[in-house]
Amino acid sequence: MKATPEIKLADRIEELPPYLFARLDKLRDEKAASGVDVITLAKGDPDLPTPQAVIDRLYAGAQDPSTHQYCEDGLDTFREAISGWYARRFGVDLDPGSQLVPLIGSKEGIAHMPLALVNPGDFVLVPDPGYPVYSIGANLVGGQVHFMPLKAELAWMPDLDAIPADVLDKAKAIWLCYPNNPTSAVAEPDFYERVVEFGLQHGLAVCQDAAYSEVTFDGYRAPSILEVPGADECAIEFHSLSKTYNMTGWRIGWAAGNARLVEALYRVKSNMDSGIFAAVQEAAIEAIELPQSWIDERNGIYERRRDQVVDILRNMGLEPEVPKASLYVWTPVPSGYDSSEFAAKAINEAGVIVTPGLGFGPSGDSHFRISLTTPDDRLTEGLERLAKLQL
């Protein structure tokens, strides 16, 4: 019998690494299957429930047959709600029709943005450590990635002056994320002013991932890059309802800013998806209109967990960063370990999964990340197990 030829996958898929958190989920499942009671402190997936008012709005919207049809452009009312939120929160005026595009979660928009910007061989400037999708999106369209090392001595900010001139000549976009994942660093308006000036000088799309802007502590309030004069000429900001309103599974967010970038992203999306279920958009409107007191109460839970994590890690002789924002505590690994070795020790000896910093890029290998999204009792037990490790 004649041999059946093997189906050949695209080179881009053969070269694509497994997604970091898919690998961690697989590790968790393997350990659990062997009888280990695994506690994961790795993933930024809120354990707290979506607000009941949002759930009720979804239910009501789903009863309306008009929501059962395609909604490619997004509801006008959803766009207007986003615009109103920007005005209230940041004092930024956005045109709902031309400066906003709804997304099936911000991850989708981040991954699709290079399709609108990057030709094969173009460079994309990506923070290291950083959210893996920034580089993966560029790689999938044949772009080149230039990693910008983030260092503690620079407060986890990229050194724009260190980017080589020949890279800048071929660069199309720069990615930022503040409050930062994974380092939890925060940016102030003067940094955004410099980046906007840098973007305008070099013809770059400045892409800011602001997924954690509403998860803040100790009275800190995160700014938006769109507050900066000139940002509407080069910047696009990605937001997600996932972290702000405990809606990771709902898959809804948006991108806002420069009208040309927004239109380009919309053009990509209109050729690749058919929009977000209208009832989910109506529920998102309900979320956006929740009072600040709801967010403050929720942040109080994360702040309490943050303090617990920091105290335990310090008692272990470690020196964690104390975040003003985000869902994460970023900590140098113990002496004598790299991040993969320490993560392996944690799972093998304590049954606890932490995220090795190497998973976010080579510059992260000196740190590991703990998420604040584990229920209180499991978080406490996981920390107690880590505290017993012999380092």
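Definitions and cut-offs
- Residues numbered from 1 in each chain as written.
- Predicted model: local features only at pLDDT ≥ 70, side-chain atom pairs only at ≥ 80, totals over all residues.
- Heavy atoms only, no water.
- Salt bridge = Lys/Arg side-chain N within 4 Å of Asp/Glu carboxyl O.
- Helix = DSSP H or I, 4+ residues; strand = E, 2+ residues; numbered from the N terminus.
- Buried < 20%, exposed > 50% of the residue type's maximum accessible area, 1.4 Å probe, protein only.
- Polar contact = N/O pair within 3.5 Å; in protein donor to acceptor, adjacent residues only side chain to side chain.
- Contact = heavy atoms within 4.5 Å.
- Axes fitted to C-alpha atoms, helices over the stretch in contact; angles between N-to-C directions.
- Parallel < 35°, antiparallel > 145°, perpendicular 65-115°, else oblique.
- Left-handed = near helix turned anticlockwise from the far one by under 90°.
- Nonpolar A, V, L, I, M, F, W, Y, C, P; charged D, E, K, R; others polar.
- Pairing = 2+ DSSP bridges.

Engineer: Can you walk me through the pattern of salt bridges in this structure?
Structural biologist: Within the structure shown, the criterion is met by 18 salt bridges. A salt bridge links D47 to R305, with the nearest nitrogen and oxygen atoms 2.8 Å apart. Highlighted residues: D47 in the loop between β1 (39-40) and α3 (52-62) and R305 in helix α12 (residues 292-315), separated in sequence by 258 residues. A salt bridge links D161 to R194; the shortest N-O distance between them is 2.8 Å. In this pair, D161 sits in the loop between β4 (144-149) and α7 (165-169) while R194 sits in helix α8 (residues 189-202), placing the two residues 33 residues apart along the sequence.

Engineer: What is the right way to look at the side chain of S213 in this model?
Structural biologist: Along the chain, S213 falls in the loop between β6 (205-209) and β7 (235-240). The class of S213 is buried, set by a relative accessible area of 2%. Side-chain polar atoms of S213 contact the side chain of E214, separated by 2.6 Å. Ignoring sequence-local partners within four residues, the contact set of S213 consists of W85, R89, P179, A222 and H239.

Engineer: Can you help me understand the environment of V262 in this one?
Structural biologist: Position of V262 relative to the elements: it lies in helix α10 (residues 259-270). Owing to a relative accessible area of 3%, V262 belongs among the buried residues under this scheme. Taking the C-alpha atoms as reference points, V262 and Q99, 163 residues apart in sequence, are found 6.0 Å from one another. Filtering out sequence-adjacent residues up to four positions away, V262 remains in contact with S98, Q99, L100, V101, I236, A255, A256 and G257.

Engineer: How should the packing of α3 against helix α11 (residues 278-288) be read in this particular structure?
Structural biologist: The description of two helices packed together rests on the angle between their axes and the distance between the axes. The geometry of α3 relative to α11 is characterised by a closest axis approach of 8 Å and an angle of 150° between their N-to-C directions. As summarised for this structure, α3 and α11 are arranged roughly antiparallel, according to the angle between their axes. When the axes of α3 and α11 are compared, the crossing they make is right-handed. Across from A53, V54, R57, L58, G61 and A62 in α3, the residues of α11 making contact are A279, V280, E282, A283, I285, E286 and A287. Tallied by class, the residues present in the contact of α3 with α11 amount to nine nonpolar, one polar and three charged.

Engineer: Even after reading the chapter, I still don't get unusual backbone geometry, so can you show me in this structure?
Structural biologist: Excluding glycine, residues mostly have negative phi values, and the peptide bonds linking residues are mostly trans. Residue P129 follows D128 across a cis peptide bond; omega there is 5°. Mapped onto the secondary structure, P129 falls in the loop between β3 (123-128) and α6 (133-140). A cis amide bond links Y178 with the next residue in sequence, P179, at an omega value of -5°. Mapped onto the fold, P179 is located in the loop between β5 (171-177) and α8. A positive phi angle, near 60°, is found at W156, a position not held by glycine.

Engineer: When you look at the sheet that holds strand β8 (residues 253-257) in this model, what are you seeing that I'm missing?
Structural biologist: Consider a sheet: its strands pair through backbone hydrogen bonds, and that pairing is either parallel or antiparallel. Spatially, the seven strands line up as an open sheet ordered β2-β8-β7-β6-β5-β3-β4, and their pairing is mixed. Each edge of the open sheet is held by one strand with a lone partner, namely β2 (100-103) and β4. Taking each pair of neighbouring strands and ignoring which way they run, the sheet shows an average axis angle of 20°. Direction of pairing for β3 relative to β4: parallel, over a ladder of six bridges. Across the sheet, the residue bridging to F123 is Q144, located in β4. Relative to the sheet, helix α5 (residues 106-117) contacts β2, β5, β6 and β7, its axis offset from that of β7 by approximately 155°.

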